[in-house]
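An overview of the molecular structure
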Amino acid sequence: MKNKRFEMLRRKMKQHHRHEPWHGNSPRGYYVPHVYAPPYRSLSTWADIQFVLNNRRVWVFYVHPRRAYLDEIERQVFEQYWQALSDDQRSQCQWANKIPSYKRVGRSRKKVVSYRLAEADEARQRRVQTFCEQQDAAERDGIDYTVRPSARIELSATAHMLELVAPVEVITMDDVHALVDLARRLMKRETTVRELWPDYVYGREHWLAERELRERDRARA
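Computed from a prediction, not measured in an experiment: that's the story for all the values here. (Residues numbered from 1 in each chain as written. Predicted model: local features only at pLDDT ≥ 70, side-chain atom pairs only at ≥ 80, totals over all residues. Heavy atoms only, no water.)

Quick notes on the nonpolar core
Counting residues in each nonpolar core, the largest one holds 23 residues, and the members touching the most others are Ile 49, Phe 51, Val 60, Leu 164, Val 170 and Leu 179. Contributions of two or more residues to this core are made by strand S1 (46-53), strand S2 (56-63), strand S6 (159-165) and helix H5 (173-187). Ranked by residue count, the leading element in this core is H5, at 7 residues. Residues contacting Val 170, with those up to four places away along its chain left out, are Tyr 36, Ser 44, Ala 47, Tyr 62, Asp 175, Val 176 and Leu 179. (Core = buried A, V, L, I, M, F, W, Y, C linked by side-chain atoms within 4.5 Å. Buried < 20%, exposed > 50% of the residue type's maximum accessible area, 1.4 Å probe, protein only. Helix = DSSP H or I, 4+ residues; strand = E, 2+ residues; numbered from the N terminus. Contact = heavy atoms within 4.5 Å.)

Structure below.
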């Protein structure tokens, strides 16, 4: 039995593609929002690419496992940092350094239109420095965490959304084309990440082995 909600979304996706202009900006008709040109990075991290499949648009949100590993490092460090703060310190982090800017409304009233950040006091500067040091240490030593390839497909009224974690490098336009070909196969159920990478696991060993290349990429940025 067909899922009525999915069928409705598929119809809406086709209607959206039929009536809204498609802004493909690559020779193969894909929409590529980022520039892939020399000097190339040594390691890829993430990419967003959009293409058309069966008159429906597909957004590919690709993340390399090393980026997912770094995301977990940042999450753990921030959680440890946040848990160590007192309630007053957390409040200061959220509000104390925001200075409102007002706009006059009428003769006697005004409203907040924006905020600017005040100079941080010494205590807050020390906390930020401590956080950065913890972040640097975690990135240097790695953490006990592993990432496996995965693919998740979501539907909306305008496009399919493929969230893909895969050990492929997307650095050049040729890599972009290969990523789209892979996404097409996954969307058409011609293969799965389990079939492609049955035993792949990214962990501390991979992270430490790539340190020199990461530092080289950062120096180029």
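On we go.
Quick notes on the sheet that holds strand S5 (residues 150-155)
Strand order across the open sheet formed by 4 strands is S1-S2-S6-S5, with mixed pairing between neighbours. Of all the strands in the sheet, just S1 and S5 have a single pairing partner and so form its edges. Here the average twist between neighbouring strands, direction ignored, is 20°. Note: S5 against S6, 6 bridges, orientation antiparallel. Residue pairing for S6: Ala 151 is matched across the bridge by Leu 164. Docked against the sheet, helix H1 (residues 4-19) engages S1, S2, S5 and S6, running at close to 100° with respect to S2. (Pairing = 2+ DSSP bridges. Axes fitted to C-alpha atoms, helices over the stretch in contact; angles between N-to-C directions.)

Observations concerning the pattern of salt bridges
Scanning the entire structure with this criterion turns up 13 salt bridges. Residues Arg 41 and Asp 217 are paired through a salt bridge, measuring 3.8 Å at the closest nitrogen-oxygen approach. Remark: Asp 217 occurs in helix H8 (residues 211-220) and Arg 41 occurs in the loop between H1 and S1; sequence separation between them is 176 residues. One salt bridge connects Arg 218 with Glu 139, and the closest N-O pair in it is separated by 2.4 Å. Of the two residues, Arg 218 is situated in helix H8 and Glu 139 in helix H4 (residues 122-141); the sequence distance between them amounts to 79 residues. Arg 218 sits in the exposed class, given a relative accessible area of 51%. Residue Glu 139 is classed as buried on the basis of its relative accessible area of 12%. What you see here is one network of salt bridges that share partners, running through Arg 66, Glu 169 and Glu 210. (Salt bridge = Lys/Arg side-chain N within 4 Å of Asp/Glu carboxyl O.)

Considerations on the environment of Val 168
On the secondary structure map, Val 168 appears in the loop between S6 and H5. When neighbours within four sequence positions are excluded, Val 168 is seen to be in contact with Ser 44, Tyr 62, His 64, Leu 179 and Trp 197.

Quick look at the confidence of the model for the chain
With 86% of its residues at a pLDDT of 70 or more, the chain shows a mean pLDDT of 88. Per-element confidence in the chain ranges from a low mean pLDDT of 61 for strand S4 (residues 109-117) to a high of 98 for helix H7 (residues 204-209). (pLDDT = per-residue confidence, 0-100.)

Some thoughts on the side chain of Arg 214
Looking at the element boundaries, Arg 214 is found in helix H8. One buried charge, Arg 214, has no salt-bridge partner; the nearest side chain with opposite charge is Glu 210, at 4.4 Å. (Lys, Arg positive; Asp, Glu negative; His and termini not counted.)

Quick look at helix H2 (residues 65-83)
Given a rise of 1.5 Å per residue, 19 residues ought to cover 27 Å, and the 27 Å separating the end C-alpha atoms of H2 matches this to within 8%. Within the sequence span of H2, burial applies to Pro 65, Arg 66, Ala 68, Tyr 69, Leu 70, Glu 72, Ile 73, Val 77 and Tyr 81. (Expected span 1.5 Å × (residues − 1).)

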